[in-house]
Amino acid sequence: MRKIIIIFAIILLTGCDLPQQSAEQAARPTIILPTRDVDEAIPTTLLASTEEAISATPEVLTPATQALVPTETVPPTETPPTLAHLATGQEVIIIRLEMFDPLHGWALGGDSAHPDNIFTTADGGNTWRDVTPPQPGEPGTLHAAAFFLTPNMAWVTYSTLNGPIPPYPVVWNTVDGGLTWQPSQLLDLSGLEQFYASHLYFVDENNGWLLTHVGVGMSHDYVTLFRTQDGGLSWWRLLDPYTDGQIQACQKTGLLFLDAQNGWLTGDCGGVMAGVFLNRTYDGGVTWIYIDLPAPADDPLLFDVNTPAACGGYDLYFFDPAHAVLGVRCTLYLTSGDATFANYLYTTSDGGVSWQSTSYPGGALQFVSPQTGWALSREIYQTNDGGASWSLLNTVHWDALFDFIDPQVGWAASYADTEHALVQTSNGGGHWTMLEPVVVP
């Protein structure tokens, strides 16, 4: 099972008219920064400080074939400094992690100013090795999009959110846990004025996709989809906003592939379009088919064009080619001007041909099996019957991006205001213990 990778930056491209923060999010409780009781707290001081970075960088392997330079994408005449590593012994902020077992995993993080380095751990998150690839660029100006296939194999690319196109647009690949990195050919960014990479996804060591955002306007989130079939050494533009209009409408929230041909794309139209943005492909992403998701049984008019509601699809998980879950989050606008919120868990057992729905408590969804999953916000719920019922495990006073590897063991990269902490649970989220991650050689 693979899950949609969540990227930790909000797409705020110039001129964006994508959905604004919901009233539910805006009405979150006041953040309380307690002492060090980690069930309801994060530390009151940042876990990282800026120190002199070590000068060593991973070895760069020369690609086996000479890079093909796109017409309007040329390498810089002078190589700028590469992204620096954190110093050994420095505390590190973890902003996203993906663990593969109780000991081994990857993370994005860094210090408070530069949170897009790449790290690996071999002791459950207590210590981390900074294995950031030698990407040229100014610290603090680049955003990382990464995909972690195994404890040793990963890909990462760097782009800018609101700035110019990066001077060295490549996808880095490692097969030895970040000891060495190999850059791809330069991505073909000819004709593009913006380039923000949000989703990398691989189904095996060869087949992968890269979704990039290249502009917004008129309720559209214009994207380019790249594909590789050689492990990321070379990429070609599979779909282009200038020649293809199939998936250009609405904000994209997730990309997932089951194999080299079958994939899914989720999104949120913010009420501009009725229903839920959900598309699938049978040919590796060349063409996409809109899936008309049925309205929930308890609100059959929710997806009607005349219903004042905004619904989006999030957190798609496939456990095998037949069984999957999908989260649908809706804002319902009342005549008084207020809004209410509804959250639905959709399930399929026939590969997405038909879907059934039930309500769930809301928040981000994570599942480790068809039966066991979580609804994650400041209230942490767990289900052990596929979403038929939910139990409240804990109420915390911090936000987080979570990662569970089984029904009991998980981590959370938590934050409140400018404070960050890495916490861990061994009982499914009922209690959290704070870690103090540091950089090791």
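Being a predicted model, the structure only gives us computed values, none of them experimental. (Residues numbered from 1 in each chain as written. Predicted model: local features only at pLDDT ≥ 70, side-chain atom pairs only at ≥ 80, totals over all residues. Heavy atoms only, no water.)

### Let's talk about the overall build of the chain
Our working definition: Numbering of helices and strands starts at the N terminus; helices are DSSP runs of H or I of at least 4 residues and strands are runs of E of at least 2. By definition, residues are in contact when any of their heavy atoms lie within 4.5 Å. For every accessible area listed, the method is Shrake-Rupley and the probe measures 1.4 Å; residues are considered covered only by the protein chains on display.
What the chain contains, in helices and strands, is one helix and 31 strands. Long-range pairs, those at least 24 residues apart, make up 55% of the contacts in the chain with a sequence separation of at least 6. A total of about 18,100 Å² of accessible surface is found on the chain, and carbon and sulfur atoms cover 53% of it.

### Notes on the nonpolar core
This is how the line gets drawn: We call a set of buried residues a nonpolar core when its members are Ala, Val, Leu, Ile, Met, Phe, Trp, Tyr or Cys and they connect through side-chain atoms within 4.5 Å of each other. Categorising residues by exposure relies on relative accessible area from a 1.4 Å probe, with only protein chains included: less than 20% of the type maximum marks a residue as buried, more than 50% marks it as exposed, and the intermediate range marks it as partly exposed.
In this structure, Leu255, Val328 and Trp355 are the most contacted members of the largest nonpolar core, which totals 54 residues. Here this core gets five residues from one element, more than from any other, and that element is strand β20 (residues 324–333). Excluding residues that lie within four positions of it along the chain, Trp355 makes contacts with Trp264, Ile291, Leu293, Pro294, Leu316, Ala324, Leu326, Tyr346, Thr347 and Thr348.

### Some details on the pattern of salt bridges
Let me state the cut-off plainly: The term salt bridge refers to a pairing of a side-chain nitrogen on Lys or Arg with a carboxyl oxygen on Asp or Glu at a separation within 4 Å.
Following the criterion strictly, the structure yields six salt bridges and no others. In this structure, Asp188 and Arg237 form a salt bridge, with 3.7 Å as the shortest nitrogen-oxygen distance. Remark: Arg237 occurs in strand β14 (residues 236–239) and Asp188 occurs in the loop between β10 (180–183) and β11 (196–202); sequence separation between them is 49 residues. Residue Arg237 pairs with Asp240 through a salt bridge whose shortest N-O separation is 2.3 Å. Judged by relative accessible area, which is 10%, Asp240 ranks as buried. One network of salt bridges, in which partners are shared, links Asp188, Arg237 and Asp240.

### With respect to the pairing of β10
This is how the line gets drawn: At least two bridges found by DSSP between two strands is the condition for calling them paired.
Every second residue of β10 is oriented toward a common face, with Thr180 and Gln182 on one face and Trp181 and Pro183 on the other, all of them buried. Between the antiparallel neighbours strand β9 (residues 171–174) and β10 lie five residues, among them Gly177 with a positive phi of about 70°.

### Focus on the sheet that holds strand β31 (residues 438–440)
Operational definition: The axes are straight lines fitted to the C-alpha atoms, using for helices just the contacting stretch, and the angles between their N-to-C directions are given from 0 to 180°.
As summarised here, the arrangement of the five strands in space is β3-β4-β5-β6-β31, forming an open sheet in which the pairing is mixed. Each edge of the open sheet is held by one strand with a lone partner, namely β3 (93–99) and β31. Strand-to-strand twist in this sheet, taken as the mean axis angle between neighbours without regard to direction, amounts to 40°.

### A closer look at unusual backbone geometry
Backbone geometry at Cys250 places phi at a positive 75°, although glycine is not the residue there. Inspection of the secondary structure assignment puts Cys250 in the loop between β14 and β15 (251–257). In this model, Asp315 sits at a positive phi of 55°, which is unusual for a non-glycine residue. Along the chain, the position of Asp315 falls in strand β19 (residues 309–318).

### What to know about the environment of Val325
Within the secondary structure layout, Val325 lies in strand β20. Among the residues examined, Val325 registers a relative accessible area of 2% and is labelled buried. Separated by 20 residues in sequence, Val325 and Leu345 have C-alpha atoms that sit 6.8 Å apart. In this structure Val325 touches Asp315, Leu316, Tyr317, Phe319, Leu345, Tyr346, Thr347 and Phe367, once residues within four positions along its chain are discounted.

### With respect to the packing of aromatic side chains
Spelled out, the test is: Two aromatic rings, drawn from Phe, Tyr or Trp (for Trp, its six-membered ring), form a pair once their centres lie within 6.5 Å of each other, and the interplanar angle then sorts them: stacked below 30 degrees, edge-to-face above 60, tilted otherwise.
Under the counting rule described, the total for this entry stands at 18 aromatic pairs. Considering the side-chain rings of Trp264 and Phe318, the 5.7 Å spacing of their centres and the 35° angle between planes classify their relative orientation as tilted. Linking Trp264 in strand β16 (residues 263–268) with Phe318 in strand β19, this pair joins segments that are 54 residues apart in sequence. Note on Trp264: relative accessible area 1%, which makes it buried. Phe318 sits in the buried class, given a relative accessible area of 3%.

### Things to note about the sheet that holds strand β28 (residues 410–416)
Taken together, the four strands give an open sheet; going across it, the order is β27-β28-β29-β30, and neighbouring strands pair in antiparallel fashion. Sheet topology places β27 (399–404) and β30 (433–435) at the edges, where each strand pairs with a single neighbour. Between one strand axis and the next, the sheet turns through 30° on average, direction left out of account. With three bridges joining them, strand β29 (residues 419–425) and β30 adopt antiparallel strand pairing. Within β30, the residue paired with Val423 across the bridge is Met434.

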